[in-house]
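Descriptive structure summary
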Amino acid sequence: MMAMLRLLGRHRDLLYMLSRRDVTVKYKQSIMGFLWAILMPLLITSAGVVVKIAMAEMSGKAIVFRDVLPVAIKAAPWAFFVASIRFSTQSLSNNYNLVTKIAFPRAVFPLSSVASQLFDFAIATSVIVVIVVFSGISPTVHLLWVPLLLALLIAQVVGLALLLSAANLFFRDVKYLVEVVLTFAIFFTPVFYSVAQFGDRGKLLLLNPVAPVLEGLDAAIVQGHAPDLFWTVYAAGWAVVLLLVTPALFLRLEPKFAESV
Amino acid sequence: MSDIVLEARGLHKKFRKGELYTSLRDLVPALAKRAVKGGLDKSEFWALKDVNFQVERGEAFGIIGHNGAGKSTLLKHLCGILMPTSGELVVKGRLSALIEVGAGFHPDLTGRDNIYLNGTILGMTRAEIRSKFDAIVEFSELADFLDTPVKRYSSGMYARLGFAVAAHVEPDVLVVDEVLSVGDFVFQRKSVEKMRQVMKGGTTVVFVSHNLRAVADLCKRGMLLDHGTVSAIGPVTEVVKTYMERGTEGAADDPTKDVYVSRVTLRDEAGAEAVQFDAGQRMIAEVEVTARRATERLAVVIECRDEEMYEVFNTSTQRLGAETVDLAPGEKFTARLALRLHLAPGTYHFGVYVYRYDIQKNYDTLTPAKTFYVRSLIDVRGVAHLEPEVLSQDKSG
């Protein structure tokens, strides 16, 4: 991992320009402009509200704003996760003309894909902040957990991005597999619901490394208590393992990229 | 004292023909098959075989060879895109390649944005690009279109911008592949001038091209690649000569032909076989024609074509007033023609036909039969050499 950081340090300008390219191209010609960034989270939240209403009907309890807020808070990071994985998986194969012609660290492709999604995420987050402020939730000391949880999410995304982008070069159907998994992953991830609703069996859902992060955000922001320590450490374990393994693997496979495209 | 900046030692590269497993869907059955059958044999071939060469600092080194000789593969190794199967490649300093100008341009971004994007892809820092920005723009002659998305550029403009960025990277070793064919004629001249300037500045240049004239003009030393091996290395004129003498001999004999061109030789005035001539020099072309069956009233047609195979010149023994020739089976004759080469510097192809005019029958075609190279002490371009002189340039008024 240190080797990769050194490489990227030397090519940070390239990383910056590629990220900027992805952002500029996306915003430049679309009438929607910056609405793009909140479109996905907004859709996810709306879907969540529908699900919540259905649940409320079943249980006979009326729906309140406090039930909807967690969905909005979880929707933005989830949208970031999905979009980052989706774009980074194809980042190397889409730039094959550069991969086969010019030498520089290939990791800039998946990483710049993640960076450009981070830009969207930042915009979505600022909208969330406004909503949270106006919702009248009093801030607690547990908000300090939020940066840590987001860092874990980004670390997981970076690790997966490196792994999947390389895999998609060698096996072209990886992207279809990723697509299918991402489509249905929302049912296995506590975005519309919270793990607590499942009682003890909910623990199984927390095995999904993104789940503890989303539940932690809900806890720290809306519920006002500390995230579950055990499961936070579990998610951190994933982040650390991914960051230790995937950069090394990526660098080892890199010399074969140009021949496999 | 020699100062080697680029060295290849025993470079080998193995490629696999045929399918790699490009999807998981294919991999799973293949693995199963492998488990049952044992090792899978793949047809492998050597794209590069024991390639050795050294390039000194400040040298211009040319690499020539037919298509598929391994030039591109070697280039990709130089650039670090491919890794050798065995052997070693040592590069000292920053190496930059003019392989594909404009690689990484994004059509939706403006010229300005693309200069930065392309520049960083080629290994420059943003600060470096900022300091060279004006020079790049001036060189590209696209100052008025800087804020236009490059998708609205013509292909010439696109190439110019790409070359302008690439030409300002200032590497220690510059690898050039075929880019001199980029853009319009005026810009081509600018590119060649820029290359010379870069070389004068002490940059080592590795030049790969089909354009023998450009290679011979720009480089002192060169290497000929043939089927992945180095078949000649040394002074560029020697290497170019080896290349030209190769592969044009004896068109495969077709027994159905009544008459065929059995030998073509180009000689200088002294009678020695030659491939390089000075503009204005006389060239002697010897064409030997052999008959399998009796044939009558044969004439030899000769032609010269330029590098793009455009016809530059064409005549025949009969049109020049010479007698036609009748041949008995097994008999042969040799036509010797002299040509004065009022040609601009460049590579030309010499072609031959055996023709009978009264029945308009073409017996045999050998084109190009030979390739020759014309050089000139004065700088003229185009096709013809009109032996120009500046008589005066007086100011008046």
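Before reading further, recall that the structure is shown in the block above.
It should be emphasised that the depicted structure is a prediction, and the values quoted were computed from it without experimental measurement.

Here's the deal with the packing of helix 3 (residues 35-59) of chain A against helix 4 (residues 65-89) of chain A
All names here are of chain A. Closest axis-to-axis distance for the helix 3/helix 4 pair is 8 Å, and the angle between their directions is 145°. Regarding helix 3 and helix 4, the two cross each other, and that crossing is right-handed. Contacts between helix 3 and helix 4 involve Met40, Pro41, Ile44, Thr45, Gly48, Val49 and Lys52 from the former and Asp67, Val68, Val71, Ala72, Ala75, Ala76, Trp78 and Ala79 from the latter.

Describing a nonpolar patch on the surface
Residues and elements named next belong to chain A. Together, Met1, Met2, Leu5, Leu163, Val240, Val241, Leu244, Val245 and Leu249 line one region of the surface with nonpolar side chains, adding up to about 800 Å² of accessible area. When contributions to the nonpolar patch are tallied by element, the ones reaching two or more residues are helix 1 (2-10) and helix 12 (229-253). Within the secondary structure, Val241 is located in helix 12.

Looking at the interface of chain A and chain B
Taken together, the 28 residues of chain A in the interface contact 32 residues of chain B. Note on chain A versus chain B: buried area summed over both sides is about 2,600 Å², and carbon and sulfur give 64% of it. There are two salt bridges connecting chain A and chain B. As a salt-bridge pair, Arg20 of chain A and Asp113 of chain B come within 3.3 Å of each other at their nearest N and O atoms. If you list the elements that add at least two residues to the side of chain A that touches chain B, you get helix 2 (12-28), helix 6 (96-99), helix 9 (174-185) and helix 13 (257-260) of chain A. Tallied by class, the residues present in the side of chain A that touches chain B amount to 16 nonpolar, three polar and nine charged.

Observations concerning the sheet that holds strand 4 (residues 86-91) of chain B
All names here are of chain B. Spatially, 2-1-4 is the arrangement adopted by the three strands of the open sheet, whose pairing is antiparallel. Single-partner strands in this sheet number two, and they are strand 2 (44-56) and strand 4. Along the sheet, successive strands turn relative to each other by an average axial angle of 20°, direction set aside. Bridge count between strand 1 (residues 4-16) and strand 2: nine bridges; the pairing is antiparallel. Opposite Ala8, over in strand 2, you have Phe53 as the bridge partner. Where helix 2 (residues 71-78) meets the sheet, its contacts fall on strand 1, strand 2 and strand 4, and the angle it forms with strand 2 comes to roughly 60°.

Quick word on the side chain of Thr203 of chain B
Residues and elements named next belong to chain B. By the element assignment, Thr203 lies in the loop between helix 6 (185-200) and strand 7 (204-208). Exposure remark for Thr203: the relative accessible area of 12% places this residue in the buried category. The residues touching Thr203, leaving out its near neighbours within four places in the chain, are Gly58, Glu59, Pro171, Asp172, Val173, Leu174 and Val198.

Looking at the packing of helix 1 of chain A against helix 12 of chain A
All names here are of chain A. Where helix 1 meets helix 12, the axes come as close as 8 Å, and the angle between the chain directions of the two elements is 70°. Regarding the angle of helix 1 to helix 12, the classification is roughly perpendicular. Touching Ala3, Met4 and Leu7 of helix 1 are Pro247, Phe250 and Leu251, all from helix 12. Taken together, the residues of the contact of helix 1 with helix 12 break down into six nonpolar, no polar and no charged.

Remarks on helix 9 of chain A
Each full turn of the α-helix corresponds to 3.6 residues, which orients residues three or four apart in the same direction. Residues and elements named next belong to chain A. Taking 1.5 Å of rise per residue, the twelve residues of helix 9 would be expected to cover 16 Å, and the 16 Å separating its terminal C-alpha atoms lies within 8% of that figure. Looking only at helix 9, the buried set comprises Val174, Val178, Leu182 and Ala185. For helix 9, the arc enclosing every buried residue in end-on projection is 65°, short of the 170-degree limit, so these residues lie on one face.

As for the pairing of strand 10 (residues 259-267) of chain B
Residue and element names in this part refer to chain B. Extensive coverage of strand 10 is indicated by the burial of seven of its nine residues. Two elements, strand 10 and strand 12 (residues 282-291), share eight bridges in a ladder whose sense is antiparallel. Of the residues in strand 12, the one forming a bridge with Arg263 is Glu288.

Looking at the sheet that holds strand 8 (residues 221-226) of chain B
Residues and elements named next belong to chain B. In space, the six strands of this open sheet follow the order 5-6-7-3-8-9, with mixed pairing throughout. In the strand order of this sheet, the two ends are held by strand 5 (95-98) and strand 9 (229-235), each with one partner. When the angles between neighbouring strand axes are averaged without regard to direction, this sheet yields 15°. Two elements, strand 6 (residues 173-177) and strand 7, share five bridges in a ladder whose sense is parallel. Residue pairing in the sheet places Val176 in a bridge with Phe207 of strand 7.

Calculation notes
Residues numbered from 1 in each chain as written. Chains lettered and ligands numbered in written order. Predicted model: local features only at pLDDT ≥ 70, side-chain atom pairs only at ≥ 80, totals over all residues. Heavy atoms only, no water. Axes fitted to C-alpha atoms, helices over the stretch in contact; angles between N-to-C directions. Helix = DSSP H or I, 4+ residues; strand = E, 2+ residues; numbered from the N terminus. Left-handed = near helix turned anticlockwise from the far one by under 90°. Contact = heavy atoms within 4.5 Å. Patch = residues over 30% accessible without salt bridge, like charges linked within 9 Å, V, L, I, M, F, W, Y side chains within 5 Å. Areas by Shrake-Rupley, 256 points an atom, 1.4 Å probe, with all protein chains shown as cover. Salt bridge = Lys/Arg side-chain N within 4 Å of Asp/Glu carboxyl O. Buried area = accessible area lost by both parts, 1.4 Å probe. Nonpolar A, V, L, I, M, F, W, Y, C, P; charged D, E, K, R; others polar. Pairing = 2+ DSSP bridges. Buried < 20%, exposed > 50% of the residue type's maximum accessible area, 1.4 Å probe, protein only. Parallel < 35°, antiparallel > 145°, perpendicular 65-115°, else oblique. Expected span 1.5 Å × (residues − 1). Arc of directions from axis to C-beta.

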